[in-house]
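# Coordinates in review
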Amino acid sequence: MATRDPRWVLKDRPSFALIIGLVLTGICALVSFSFDVFVNGAPVQFFIALMLALAPVPLLLALVLALDRLEPEPRSNLIFAFAWGAGVAVLVAGVINSLNLHYIIDTARLSEASARNIAATFGAPVVEETMKGLVLLGLLRFRRAELDGPTDGIIYASMVGLGFAMSENVSYYIAALSTSGVKGLAVTVVLRGILSPLAHPLFSSMIGVGVAYAAQRGGSDRVVYVLAGWSGAMILHGLWNGLASYGGFPGLVVAYLVLLVVLVMLIGVVFRDRRRIVALIQRYLPPYEPTKLVTEADIYMLSAFARRRQARQWARAHGGKRGLRAMRDYQLAATELGLLHERAARHMVDEHTFHEEQRALLECMSTARADFPVPALHARSVARGSPPPGYAPGAPG
């Protein structure tokens, strides 16, 4: 009998360190917003800018999390990444960028406009990508097991990028409203909130991919991957700012084309990573068939998003919320089991940890299977080991 709830391996319990981290990021966000209210604009302008900055966030979060359906990341990690970008990263980067701007103006004797272009092209990318990337380094150091592949790196990087962009947009919108009125605000909202809302997530995703590959390796290779990702993020960010600052409208067109190419490449990375995870399921789960916790039909169901979704719909139709929860737990535990074997093969977990998590995942799968609905009409076929219609359509047996 299990000594504790077998779902512990899937639960996302906030740690004390996480709570402290969220408090600190929240304080930093409040300080940053205070600058926007009392230094950059009036309270009314601030709330207008804040609402406009928040408006696209739910849609953007949904787009990012849609990539995270096969093996969802812990919510606490995702929330912290977003909060870090919206709080700590924005505040520290804002202070350093302001100091850099004044330094350039004082030493180079340039106009404020020229100094801003230089700072935006060569200074801001280094500062901002470094601040955003620190949370990814923290994951590599303290939550390495959560980085199962490049998709995870892209998800975390996108979350910190979305948080950063949201807070930064507040400042840009206030500045536009203060200097150019409603027309200037409208133009800024279109450029930053509609045409390029994924710019910061795409920049940071370079670091995310590098950190994720580093998590799968050991030795000096890890440093190489991290540095390559960091360099890619800073170069892409600097190229975007430089083309926007010096290239005029043609430069903006080129900048958007570059971002589009990067977006397509990252989508390709995600789909390739999904095929890798499916291959892990098909490789490591068949040996568990003698336990009766996994069948050929289960592996068939787990190997495609459409069949996973059909299985959840079937579970909900016949078992309600309890059946749906059981199917979700089963699918996640089975996927995590395949990834656990890969981590063991890469020597990312020790033998004790492997066996503890393996046992917990199998217990979770057993508990979930016990809660699967069994329609009376299909009870005999289920007893013979055949999946009921709607569970895994087209599965053998």
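Residues numbered from 1 in each chain as written. Predicted model: local features only at pLDDT ≥ 70, side-chain atom pairs only at ≥ 80, totals over all residues. Heavy atoms only, no water.

Looking at an unreviewed UniProt entry, one finds the chain named PrsW family intramembrane metalloprotease and attributed to Nonomuraea aridisoli.

## A closer look at the overall build of the chain
Across its full length, the chain holds 13 helices and zero strands. Secondary structure elements of the chain occur, N-terminal to C-terminal, as α-α-α-α-α-α-α-α-α-α-α-α-α. Seen along its three principal axes, the alpha-carbon backbone of the chain occupies a region of about 80 × 45 × 40 Å. In the chain, which comprises 397 residues, the proportion classed as buried is 47%. The long-range share in the chain, meaning contacts at least 24 apart out of those at least 6 apart in sequence, stands at 76%. Taking the average place of the 37 positive charges on the side chains of the chain and the average place of its 28 negative ones, the gap between the two points comes to 6 Å. (Helix = DSSP H or I, 4+ residues; strand = E, 2+ residues; numbered from the N terminus. Buried < 20%, exposed > 50% of the residue type's maximum accessible area, 1.4 Å probe, protein only. Contact = heavy atoms within 4.5 Å. Lys, Arg positive; Asp, Glu negative; His and termini not counted. Charge placed at Lys NZ, Arg CZ, Asp CG, Glu CD.)

## What about the side chain of S204?
If you trace the backbone, S204 turns up in helix α7 (residues 199–215). A polar side-chain atom of S204 sits 3.0 Å from a polar atom in the side chain of K132. Ignoring any residue separated from it by four or fewer positions in sequence, one finds S204 in contact with E129, K132, L136, A157, V160 and G161. (Polar contact = N/O pair within 3.5 Å; in protein donor to acceptor, adjacent residues only side chain to side chain.)

## Quick word on the pattern of salt bridges
Throughout the structure, instances matching the rule amount to 11 salt bridges. Between R276 and E342 there is a salt bridge, and its shortest N-O distance comes to 2.7 Å. Placement of R276 in helix α9 (residues 248–284) and of E342 in helix α11 (residues 305–345) is noted, with a sequence separation of 66 residues between them. With a closest N to O distance of 2.8 Å, R322 and D371 form a salt bridge. In this pair, R322 sits in helix α11 while D371 sits in the loop between α12 (351–370) and α13 (379–383), placing the two residues 49 residues apart along the sequence. Three or more residues are tied together by salt bridges with common partners; here these are D273, R276, E342 and R346. (Salt bridge = Lys/Arg side-chain N within 4 Å of Asp/Glu carboxyl O.)

## Side note on the UniProt feature "transmembrane region" (unreviewed entry) in the chain
Taken from the UniProt record, the annotation "transmembrane region" (unreviewed entry) applies to residues 16–38, 44–66, 78–99, 119–142, 154–174, 194–215, 222–240 and 252–271. Between the C-alpha atoms that bound residues 154–174 there is a distance of 30 Å. The span itself is 100% helix and 0% strand. Annotated as residues 252–271, this span is 100% helix and 0% strand, and its ends, taken at the C-alpha atoms, are 29 Å apart. (UniProt positions renumbered as here; feature names shortened; annotations may be inferred.)

## Comments concerning the packing of helix α6 (residues 150–194) against α9
Two measures define how a pair of helices packs: the angle their axes make with one another and the distance between the axes. Between α6 and α9, the shortest axis-to-axis distance is 13 Å and the interhelical angle comes to 155 degrees. Classified by the interaxial angle, the pair formed by α6 and α9 is roughly antiparallel. Note that α6 runs across α9; the crossing there is left-handed. Judged by residue contacts, P150, T151, I154 and L191 of α6 engage Y256, L266, V269, V270 and D273 from α9. (Axes fitted to C-alpha atoms, helices over the stretch in contact; angles between N-to-C directions. Parallel < 35°, antiparallel > 145°, perpendicular 65-115°, else oblique. Left-handed = near helix turned anticlockwise from the far one by under 90°.)

## Things to note about a nonpolar patch on the surface
Together, I19, I20, V23, L24, I27, V31, F35, F38 and V39 give the surface a local cluster of nonpolar side chains, amounting to about 860 Å² of exposed area. By the element assignment, V39 lies in helix α1 (residues 16–40). V39 sits in the exposed class, given a relative accessible area of 60%. (Patch = residues over 30% accessible without salt bridge, like charges linked within 9 Å, V, L, I, M, F, W, Y side chains within 5 Å. Areas by Shrake-Rupley, 256 points an atom, 1.4 Å probe, with all protein chains shown as cover.)

## Let's talk about the nonpolar core
If you look at the biggest cluster of nonpolar residues, it comprises 48 residues, and the most contacted ones within it are L136 and V170. For this core, the leading source of residues is α6, giving 14 residues. Dropping the residues within four chain positions of it, L136 is found in contact with G153, Y156, A157, S204, I207, G208 and V211. In this structure, I299, L302, A311 and L340 belong to the second largest nonpolar core, which totals 28 residues. (Core = buried A, V, L, I, M, F, W, Y, C linked by side-chain atoms within 4.5 Å.)

## Description of helix α2 (residues 43–54)
The end-to-end C-alpha separation of α2 is 16 Å, in line with the 16 Å expected for 12 residues at 1.5 Å each. All buried positions along α2 are accounted for by F46, A49, L50 and A53. Looking straight down α2, one finds its buried side chains confined to an arc of 105 degrees; they lie on one side. (Expected span 1.5 Å × (residues − 1). Arc of directions from axis to C-beta.)

## Quick look at unusual backbone geometry
Phi angles above zero are rare outside glycine, and R109 is one such case at about 55 degrees. Take R109: it is sitting in the loop between α4 (75–108) and α5 (112–142).

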